[in-house]
Amino acid sequence: MSASHDYDVFDAGTVTLQSGTAFGLKLAYKTYGRLNNDRSNAILYPTSFAAQHTDIEWLIESGAALDPDRYFIIIPNLFGNGLSSSPSNTPGNDYPEISYHDANAVQHRLVTEHFGISRLAMVYGWSMGGMQAYHWAARYPDMVGRAAVVCGSARCSPFNAVFLESVRAALTADPAFVDGRFVTRPARGLRAMGRVYAGWAMSHGFYRDELWREIGFTSLEDYLSRSWDVAFAHRDANNILAQLWTWQNGDISKCAEFGGDFAKAMAAIKAPVLLMPGATDDYFQVGDNEAELPLLVNARTAELSPIPSLHGHRAGNPIKNPADKAFLNARIKAFLNS
């Protein structure tokens, strides 16, 4: 990893993964704000698919829900994102399959061993970050003060997995994919992947009402070419495949503790849970969270609060959408203060 960067690295050493593979892992992370004297103001904010901390830190600002003047915010970069251990920075071709449970175990070590934090005020995450928040709440129930799951779920649904298969198929159709990995940058595959993503990330209503005009695009093709054709161009394709595996195999019950018993895993959660699906999200649909809600039998509170937006999955990451950003901030502030 580069010696010149804006983040720190936690060297976890050799870790035995769920698969039984022993592998050396390094976790890149960045912090914002200051940890208070009793170490009670920490918020964990894991990254989402293909994202690095710089892609999601825009939500951290004074006066916002993730306020660095009030909280100590830790963004751990998910394995496979190019900063933490990933195919792109691992010598050879033996990068293993890493689950959310594997990732959370190393994050737990960062939080407890490095920072000496015994309880988190909240774990907050969007998309794959939301799935990690759910995993945290189930595996470390006495450590999580609150769990905010934004456009995420406790496991990857079959419908979600089919979407990810279409992404994988578009990407790996590129001739640069040889014997299970990319040997050169797959420019055509990355562009095709972006076009597939465009149809899933935004909603029917977003395209019907031409909401892309509100963010400066002049036509549908202009929006697709300048937004989605280049959306993943700066990412390593082998890293993308690694994170696709993590996403598709996400399930809080897939561990020795719960033995695949989904109801048992959900019942392990004690923290107040706020589920914030996008009302028009096709990845993690409102119905997924509705089905999870009655399983949160031991959570101190469990609330479903859909984001009323036509921005599909992106409603949970509204960088250029003031209305959705305001809704998120208001709901998360209220949740933290409840």
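To be clear, the structure that these remarks concern was listed above.
Conventions used here
- Residues numbered from 1 in each chain as written.
- Predicted model: local features only at pLDDT ≥ 70, side-chain atom pairs only at ≥ 80, totals over all residues.
- Heavy atoms only, no water.
- Helix = DSSP H or I, 4+ residues; strand = E, 2+ residues; numbered from the N terminus.
- Rg over C-alpha atoms; globule rule 2.2 N^0.38 Å.
- Buried < 20%, exposed > 50% of the residue type's maximum accessible area, 1.4 Å probe, protein only.
- Contact = heavy atoms within 4.5 Å.
- Areas by Shrake-Rupley, 256 points an atom, 1.4 Å probe, with all protein chains shown as cover.
- Lys, Arg positive; Asp, Glu negative; His and termini not counted.
- Charge placed at Lys NZ, Arg CZ, Asp CG, Glu CD.
- Pairing = 2+ DSSP bridges.
- Axes fitted to C-alpha atoms, helices over the stretch in contact; angles between N-to-C directions.
- Right-handed = clockwise from strand over helix to strand, strands pointing away.
- Salt bridge = Lys/Arg side-chain N within 4 Å of Asp/Glu carboxyl O.
- Phe/Tyr/Trp six-rings, centres within 6.5 Å; stacked < 30°, edge-to-face > 60°.
- Core = buried A, V, L, I, M, F, W, Y, C linked by side-chain atoms within 4.5 Å.

Peer 1: How would you explain the overall build of the protein chain if you had to name every residue and give the values?
Peer 2: Helix and strand counts for the protein chain stand at 11 helices and 10 strands. Relative to the globule expectation of 20 Å for 338 residues, the C-alpha radius of gyration of the protein chain, 19 Å, shows essentially globular dimensions. Counting only C-alpha atoms, the protein chain reaches 50 × 45 × 40 Å along its principal axes. By residue count, 56% of the 338 residues in the protein chain fall in the buried class. Considering only intrachain contacts with a sequence separation of at least 6, the fraction spanning at least 24 residues in the protein chain is 72%. Counting every atom, the protein chain has about 13,500 Å² of accessible surface; 51% of that belongs to carbon and sulfur. Put simply, the protein chain has 29 plus and 34 minus side-chain charges, and the middle of one group is 3 Å from the middle of the other.

Peer 1: Give a detailed account of the sheet that holds strand 10 (residues 302–304), specifying residues and quantitative values.
Peer 2: Strand order across the open sheet formed by eight strands is 1-2-4-3-5-6-9-10, with mixed pairing between neighbours. Edge strands, defined here as strands with exactly one partner in the open sheet, are strand 1 (8–16) and strand 10. Averaged over all pairs of adjacent strands, the angle between strand axes in this sheet comes to 20°, irrespective of strand direction. For strand 3 (residues 42–44) and strand 5 (residues 122–126), the ladder comprises two bridges, and the chain directions are parallel. Looking at the pairing, L44 lines up with V123 of strand 5. Contacts from helix 2 (residues 100–114) reach strand 1, strand 2 (22–32), strand 3 and strand 4 (72–76) within the one sheet, and its direction differs from that of strand 1 by about 120°. Helix 3 (residues 128–139) rests against strand 3, strand 5, strand 6 (147–150) and strand 9 (273–276) of the sheet, and its axis sits at about 150° to strand 5.

Peer 1: Which residues make up the pairing of strand 6, and what values do they have?
Peer 2: Here strand 6 shows no split at all, with A147 and V149 on one side and A148 and V150 on the other all buried. By the bridge criterion, four bridges tie strand 5 to strand 6 in an arrangement that is parallel. Its bridge partner being in strand 6, G125 is matched across the sheet by V149. Of the crossover connections in this fold, the one passing from strand 5 over helix 3 to the parallel strand 6 is right-handed. Sheet analysis places strand 6 next to strand 9, joined by four bridges and oriented parallel. Note on strand 9: the bridge partner recorded for A147 is V273.

Peer 1: With reference to specific residues and values, describe the pattern of salt bridges.
Peer 2: A complete count under the given rule lists 15 salt bridges for this structure. Taking the shortest distance from any N to any O, the salt bridge between K30 and E57 comes out at 3.6 Å. Note that K30 is positioned in strand 2 and E57 in the loop between helix 1 (53–56) and strand 4, a separation of 27 residues in sequence. Classification of E57 by relative accessible area gives partly exposed; the value is 22%. Notably, a salt bridge pairs R226 with D222, separated by 2.6 Å at the nearest N-O pair. Of this pair, R226 and D222 are both found in helix 7 (residues 220–228), four residues apart, which corresponds to roughly one turn of the helix. Residue classification places R226 among the partly exposed positions, given a relative accessible area of 48%. Ionic contacts of the salt-bridge type, sharing partners, join the residues R191, R195, E221 and D229 into one network.

Peer 1: Describe unusual backbone geometry, listing the residues and the values that go with them.
Peer 2: Positive phi is not limited to glycine here, since A50 has a value of about 65°. Residue position: A50 is located in the loop between strand 3 and helix 1. The class for A50 is buried, based on a relative accessible area of 13%. Even without being glycine, C151 reaches a positive phi, approximately 50°. Assignment of secondary structure puts C151 in the loop between strand 6 and helix 4 (158–172).

Peer 1: Requested: an account of the packing of aromatic side chains, with residues and values cited.
Peer 2: In this description, an aromatic ring pair is defined by two values, namely the gap between the centres and the angle between the planes. Summed over the entire model, instances satisfying the criterion amount to 23 aromatic pairs. Between F49 and Y197, the aromatic rings sit 5.9 Å apart at their centres with planes inclined by 0°, giving stacked as the arrangement. Residue F49 is found in the loop between strand 3 and helix 1, and its partner Y197 is found in helix 5 (residues 187–201); the two are separated by 148 residues along the sequence. As far as the burial class goes, F49 and Y197 line up, both buried. Centroid distance Y197 to Y283: 5.8 Å. Interplanar angle 85°. Geometry classified as edge-to-face. Of this pair, Y197 sits in helix 5 while Y283 is found in the loop between strand 9 and helix 10 (286–292), placing the two residues 86 residues apart along the sequence.

Peer 1: An account of the nonpolar core is needed here, citing residue identities and associated values.
Peer 2: Counting 83 residues, the largest nonpolar core has F49, Y134, W136, Y197, W228, F232 and W247 as its most contacted members. Filtering out sequence-adjacent residues up to four positions away, W247 remains in contact with F49, Y100, S127, M128, M131, C156, N160, F163, L164, Y197, Y283 and F284. The next biggest cluster of nonpolar side chains, apart from the first, holds 28 residues, and it includes I56, L59, V150 and A315.

Peer 1: With reference to specific residues and values, describe the side chain of N329.
Peer 2: Positionally, N329 belongs in helix 11 (residues 322–337). Among the residues examined, N329 registers a relative accessible area of 13% and is labelled buried. When residues no more than four places from it in sequence are discounted, the contact partners of N329 are A64 and A65.

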